[in-house]
Amino acid sequence: VQLQASGGGLVQTGGSLRLSCAASTRTFRRYDTGWFRQAPGNEREFVAAIRSNGANTYYADSVKGRFTISRDNNNKMVYLQMNTLNGEDTAVYYCAAREGGILSTLRQKEYWQYWGQGTLVTVSS
């Protein structure tokens, strides 16, 4: 599975961005998909995930209510709508995919097999 993230950029505090991730696999519907981020000097952390059927979404507490993850299985795309951005959201954002896996491991990066190249989001004050 190859993943290509896009949509990052520079935005002011309180602004919005929409990240996109295009997947290459023919069997996209079988994969959970998610977004992680990594700020300088920090570990890569979970942001949001959506199960393969698109029916269930999960968020880190830090983004709940501000970010929305969605997917389009027909076009093999995953999106992350980010609203009310602040400086703590500045990071490289990575889309990820995994096949199978239990729910309790969803927030752990070690349990995701496929990763995109990352797109930088910078929030300025």
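Residues numbered from 1 in each chain as written. Predicted model: local features only at pLDDT ≥ 70, side-chain atom pairs only at ≥ 80, totals over all residues. Heavy atoms only, no water.

(A) Here's a closer look at unusual backbone geometry. Its identity as a non-glycine residue notwithstanding, Lys76 has a phi of 55 degrees, on the positive side. Given the relative accessible area of 25%, Lys76 is considered partly exposed. (Buried < 20%, exposed > 50% of the residue type's maximum accessible area, 1.4 Å probe, protein only.)

(B) A look at the pattern of salt bridges. If you walk through the whole model with that rule in mind, you get 9 salt bridges. Asp32 is the partner of Arg51 in a salt bridge, and the nearest nitrogen-oxygen pair spans 3.1 Å. Here Asp32 lies in strand β4 (residues 31-38) and Arg51 lies in the loop between β5 (45-50) and β6 (57-59), a separation of 19 residues in the sequence. The same class applies to Arg51 and to Asp32, which are both buried. For Arg66, the salt bridge goes to Asp89, with nearest N and O atoms at 2.8 Å. Taken together, the residues span a long stretch of sequence, with Arg66 in the loop between β6 and β7 (67-72) and Asp89 in the loop between β8 (77-82) and β9 (91-99) at a distance of 23 residues. For the residue pair Arg66 and Asp89, the accessibility class agrees, reading buried in each case. (Salt bridge = Lys/Arg side-chain N within 4 Å of Asp/Glu carboxyl O. Helix = DSSP H or I, 4+ residues; strand = E, 2+ residues; numbered from the N terminus.)

(C) Layout of the sheet that holds strand β3 (residues 17-23). One open sheet holds the 4 strands; their spatial order is β1-β3-β8-β7, and the pairing between them is antiparallel. What marks the edges here is a single partner per strand, and that holds for β1 (3-6) and β7. The mean angle between the axes of side-by-side strands here comes to 15 degrees, regardless of whether they run parallel or antiparallel. Examined bridge by bridge, β3 and β8 share 6 bridges and lie antiparallel to one another. (Pairing = 2+ DSSP bridges. Axes fitted to C-alpha atoms, helices over the stretch in contact; angles between N-to-C directions.)

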